[in-house]
Each structure stands twice: as C-alpha cells, then as structure tokens.
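# Results of the structural survey
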Amino acid sequence: MQGVQKKIAVLPGDGIGPEVTRAAIELLQDCAGAFGHRFEFRDYAFGGNAIDSHGAPLPPETLAGCRASDAVLLGAIGGPKWESLPFGTRPEAGLLGIRKEMGLYINLRPIRLRPALRAISPLRPERLGDCDFEIVRELAGDIYFGEHKITKERASDLAEYSVPEIERVGRYAFERAAARKKHLTSVDKANVLASSTLWRDTVSGLARKYPGVTVDHLYVDNAAMQILLRPAQFDVILTGNMFGDILSDEAAALAGSIGLIPSLSRGSVDGPALYEPIHGSAPTLAGKDVACPLGAIFSATLMLRESFGLKAESDWIESAVDRALEKGYRTADIAGTGDRVVSGSEFTHAIRGELRAAAAQPAQRRSGA
C-alpha cells in the first residue's frame, strides 16, 4: 500500500498508562519508517492528570483534538488519588464523557491467545481448546448511561435500551460473525429484565437479515460459566454495556493476564475510533518499568487493521511480538519457569529488535547476503 498519513491523538492517562502507550508509539514509529507511512502523534491530558492540570477529566481541548484525529490511542486512567472526588467528577467520568461526546457506541474486545503464552492460561489445554473469539459490547446505553440517583439512604441506576441502539451494535456484531466463523451468541438476562427482553427480541428480529449466521442466546450467568467451561465454542459474543464489561474482563483471564487484551471503541465509520488496553492504571506499578506493554501494543495493531486498513503492517508487528515471546522474553506478570524476565522497556526493546531483523531480511536477500 502506498504510504499513508494519519493523525493519532494520544491520551497517555494515569498510572502505567504513559509507559505502555510509549511502547506502542515506538512500534508504530518503527512501522511507519519500514512501510513509508507518516503517523503524527499529539498528546492530550485526560483522566486524573487532566483533573490536576485542567480541573476536569475531559478538557475541551482534549475532546477537540480527538475529534480532529484519525484515531485515538488511550493508555489508562484513574487511581486512589482521585477516588474521594464526588461521583461524576472522577477520572472515569472522562471515559464515559468521551464515549458520549464522540458517539462511540460499539466496543470490540478480541480474546486471542498468543501461541507462546498458552501455558499461562488458568485453563487446562484440553478445556481451553482453540480459543479465539470476539466480544462486541454496546457502549453508549444501559445502566452506565441511565439516570443515577443517590441519597444517604437510597440509590438507583436506570438500565434502559431502545430498538435503534440495539440494532446498530447488533448489525456490527452480525457482520463480524459473517466474516469469521458465522456464529453469534447474544447474551442477556431476558428471564428477569425488561431491557434484556427487548434486547433478545430485537436481536432475534435482526438475525432474519443474516441467514448465513447461526445465532444462539445465553443468559449472562450461563455465559460466564460457559466462557470458563468451553471457550472454544464462541465466535462472536454480542451483549449490553454492563454485561460486556464484566464478561470481557473474565474472558481476558483465559489469556493469562488482563494486560494482554486490546479494545476498540467506535461509532459511525466516518468518525475516529478509540483504542485502549482493557487493563487499569495499576498505580502501584507506575514508574517501576515493570508493566507489560502488550495490551497497548495490540491496541495499536488493532488500530492499524480496523481504522487504517493496514493489515500487513499489523501482522508485521504482531509477528515480531510472537518471536520475542518464543525467545522467552517476558515481563514478570506473564512469566513462567525458565522465561527471561525483563522490564517493560527491555521487553519493548526486544520486540523492536525483531522488527529491525525482519526489516533487514528483504535487503539481505536482494544483496545475496
């Protein structure tokens, strides 16, 4: 592909966010140099650090910068420093705010085990099977965005969905399933929740437009159990905001660490999407150079594929990650017996070394070396 130019808004965030985001950017810069692309990175305050510097978790200039970009790369936000702030003013309010203001109503979390890391999964190999599925989570509705009321003695949160909200995320999930193994599992709690009853009815109606996709429905409690009992049965899981939040964190454990899983949040196809690892800010690890950068790195490769259409470049980086893992390089959280435990920056350096070696191979072949 001819060289492309892209603007990437970077929200390093809090805790380990700046560290893992820096690793992802270094690999993106290597990719741009090797393939003749130009990626322009612009940093913006977001989350707790934005509260400290601007008095709000989502400053207007940050939102404007994100809207003007081709994609957004986010590190992580939050920490004990800001937990005592009033409800609605904490760093997490910035995350809900940016989703709302940028119209991000779809969240995609791919659950894929790297071959070299299968041993760190808590499941036995025979139960784990060929575990490679996606969770499509509705991101702009449900209990997170419903009306919240709280007094000293009573609190309530409104879970609410409309047919158009369900249909727009449902269409995306069906299209993902049609391009994969043609199997979609819709997760709800339709036996007790009115919002889930509408969800199931709407998904069932939408299924008639996708006759090539097999559809089944699971209650959320059963889905949680099935993810642990037989994860290989899943292809694409479609669910609401709260259930998707919980199930995707559970599913991340299959890979051995929540620090390995990337995510995509998007709205309309003509707007910028947001990419972030699903792990938290891990404030106790910040500044110690021990955090695993793979969640952020895979978020960057997901961005290359999904927003920029650069599949070869995405595969190039992920192959380098796999080679580094095969050579035993590990941060402490994903290390096993006999592995080479290194710092986060050393791990990134090892991956970049694999990229340089791969970039040199074609030149060596042309020169007869």
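Here the residue numbering is sequential within each chain, running from 1 through the sequence in written order. For a predicted model such as this one, the threshold for reporting local features is a pLDDT of at least 70, and the threshold for listing and counting side-chain atom pairs is 80 or more; totals across whole chains, interfaces and linings nevertheless cover every residue. Each side-chain value is derived from all of the structure's non-hydrogen atoms; neither hydrogens nor water enter the calculation.

## A few points about the overall build of the protein
The helix and strand inventory of the protein stands at 12 helices and 14 strands. Structurally, the protein occupies a C-alpha span of about 70 × 50 × 45 Å along its principal axes. Expressed as a percentage of the 369 residues in the protein, the buried residues total 51%. A contact between two residues is defined here by any heavy atoms of the two lying within 4.5 Å. Here the contacts in the protein between residues at least 6 apart in sequence split such that 76% fall between residues at least 24 apart. Working definition of accessibility: Shrake-Rupley area with a 1.4 Å probe, residue cover restricted to the visible protein chains. Of the roughly 16600 Å² that the protein leaves accessible, carbon and sulfur atoms contribute 52%. The convention is simple: Lys and Arg are positive, Asp and Glu are negative, and His and the chain ends are not counted. We put the charge of a Lys on NZ, of an Arg on CZ, of an Asp on CG and of a Glu on CD. Within the protein, the 46 negative side-chain charges are centred at a point lying 4 Å from the centre of the 43 positive side-chain charges. Starting at the N terminus, helices and strands are each numbered in turn, a helix being any DSSP run of H or I of at least four residues and a strand any DSSP run of E of at least two. Here the term buried applies to any residue with accessible area under 20% of the maximum for its type, exposed to any over 50%, and partly exposed to those in between, with areas from a 1.4 Å probe on protein chains only.

## Points about the nonpolar core
Side chains that are nonpolar tend, in soluble globular proteins, to be buried together. Ranked by size, the top nonpolar core spans 87 residues in total, and within it Phe39, Phe133, Val136, Leu294 and Ile351 carry the most contacts. Here the element with the most residues in this core is helix H10 (residues 294-306); it accounts for 8 residues. By convention a nonpolar core is built from buried Ala, Val, Leu, Ile, Met, Phe, Trp, Tyr and Cys residues, the set being connected through side-chain atoms within 4.5 Å. In this structure, Phe46, Leu63, Ile98 and Leu139 belong to the second largest nonpolar core, which totals 15 residues.

## Topic: H10
One less than the residue count of a helix, multiplied by 1.5 Å, gives the span that helix is expected to have. Between its first and last C-alpha, H10 extends 18 Å over 13 residues, near the 18 Å set by a 1.5 Å rise per residue. The set of residues buried in H10 consists of Leu294, Gly295, Ala296, Ile297, Phe298, Ser299, Ala300, Thr301, Leu302, Met303 and Leu304.

## Brief notes about the pairing of strand S10 (residues 236-239)
Burial of S10 is two-sided: the residues Val236 and Leu238 facing one way and the residues Ile237 and Thr239 facing the other way are all buried. In short, DSSP must find at least two bridges between two strands for them to pair. Examined bridge by bridge, strand S5 (residues 132-138) and S10 share 4 bridges and lie parallel to one another. When the sheet's bridge partners are listed, Val136 is paired in S10 with Leu238.

## Observations regarding the pairing of strand S8 (residues 183-188)
Along a regular strand, successive side chains alternate from one face of the sheet to the other. S8 sits mainly inside the fold: 6 of its 6 residues count as buried. Covered by surrounding structure in S8 are His183, Thr185 and Val187 together with Leu184, Ser186 and Asp188, the residues of both alternating faces. Here 6 bridges tie S8 to strand S9 (residues 214-219), and the two strands are oriented parallel to one another. Looking across to S9, one finds that Leu184 is bridged to Val215. Pairing between S8 and S10: 4 bridges, direction parallel.

## Some words on the packing of H10 against helix H11 (residues 311-326)
Axes are the key here: two packed helices are described by the angle between their axes and the distance separating the axes. Where H10 meets H11, the closest approach of the two axes is 7 Å, and the angle between their N-to-C directions is 155°. Taken together, the axes of H10 and H11 lie roughly antiparallel to each other. In this structure, H10 crosses over H11, and the sense of that crossing is left-handed. Across the interface between the two elements, Leu294, Ile297, Phe298, Thr301, Leu304 and Arg305 of H10 pack against Lys311, Glu313, Ser314, Ile317, Glu318, Val321 and Leu325 of H11. Any residue that is not Ala, Val, Leu, Ile, Met, Phe, Trp, Tyr, Cys, Pro, Asp, Glu, Lys or Arg is counted as polar, Gly included; the first ten are nonpolar and the last four charged. Classifying every residue of the contact of H10 with H11 by side-chain character gives 7 nonpolar, 2 polar and 4 charged. The convention used is that axes are lines fitted to C-alpha atoms, helices contributing only their stretch in contact, and that angles between N-to-C directions extend from 0 to 180 degrees. Reported orientations rely on four angle classes, namely roughly parallel under 35 degrees, roughly antiparallel over 145, roughly perpendicular from 65 to 115, and oblique for the rest. Helix crossings fall into two classes, left-handed where the near helix is turned counterclockwise from the far one by less than a right angle and right-handed where it is turned clockwise.

## Structural notes on the pattern of salt bridges
The salt bridge criterion pairs a side-chain nitrogen of Lys or Arg with a carboxyl oxygen of Asp or Glu, the two atoms within 4 Å. Tallied over the full model, the rule gives 24 salt bridges. Measuring nitrogen to oxygen at the nearest pair gives 2.9 Å for the salt bridge that ties Lys189 to Asp221. Of the two residues, Lys189 is situated in the loop between S8 and helix H7 (194-207) and Asp221 in helix H8 (residues 220-229); the sequence distance between them amounts to 32 residues. A relative accessible area of 45% means that Asp221 is categorised as partly exposed. For the salt bridge of Asp315 with Lys311, the shortest nitrogen-to-oxygen distance reads 2.7 Å. Residue Asp315 and its partner Lys311 are located together in helix H11, separated by 4 residues, close to a single helical turn. Classification of Lys311 as exposed rests on a relative accessible area of 52%. Residues joined in a network through salt bridges with shared partners are Asp132, Glu134, Arg176, Arg180, Asp235 and Glu306.

## Re the confidence of the model for the protein
Summary statistics for the protein give a mean pLDDT of 94 and a share of 98% for residues scoring 70 or more. Ignoring residues within four places in sequence, the model shows residues 363-369, a span with pLDDT below 50, making 1 contact including any to other chains. The predictor attaches a confidence to each residue, called pLDDT, with possible values from 0 through 100.

## Quick word on helix H6 (residues 163-179)
With 17 residues, H6 should reach 24 Å at 1.5 Å per residue; the first-to-last C-alpha distance of 24 Å fits that figure. Those residues of H6 not exposed but buried are Ile166, Val169, Gly170, Tyr172, Ala173, Phe174, Arg176 and Ala177.

## Topic: the packing of aromatic side chains
Two aromatic rings from Phe, Tyr or Trp, using only the six-membered ring of Trp, form a pair when their centres are within 6.5 Å; if the ring planes differ by under 30 degrees the pair is stacked, by over 60 it is edge-to-face, and anything between is tilted. Overall, the coordinates contain 5 aromatic pairs when judged by the stated rule. Measuring from centroid to centroid gives 5.2 Å for Phe35 and Trp316, while their planes differ by 80°, and the two rings are edge-to-face. Of the two residues, Phe35 is situated in helix H1 (residues 17-35) and Trp316 in helix H11; the sequence distance between them amounts to 281 residues. The residue whose ring lies beneath Arg168 is Tyr105, and the NZ or CZ to ring-centre distance is 3.9 Å. Either the NZ atom of lysine or the CZ atom of arginine qualifies as a charge over a ring when it sits within 6 Å of the ring centre and within 35 degrees of the ring normal.

## Points about the sheet that holds S8
Strand order in the open sheet formed by 10 strands is S2-S1-S3-S12-S11-S4-S5-S10-S8-S9, and the pairing between neighbours is mixed. With partners counted over all chains shown, the strands left at the sheet margins are strand S2 (38-43) and S9, one partner each. Sheet twist, expressed as the average angle between the axes of neighbouring strands with direction ignored, equals 25°. Its contacts with the sheet put H1 on strand S1 (5-13), S2 and strand S3 (71-76), and the angle it makes with S3 is roughly 145°.

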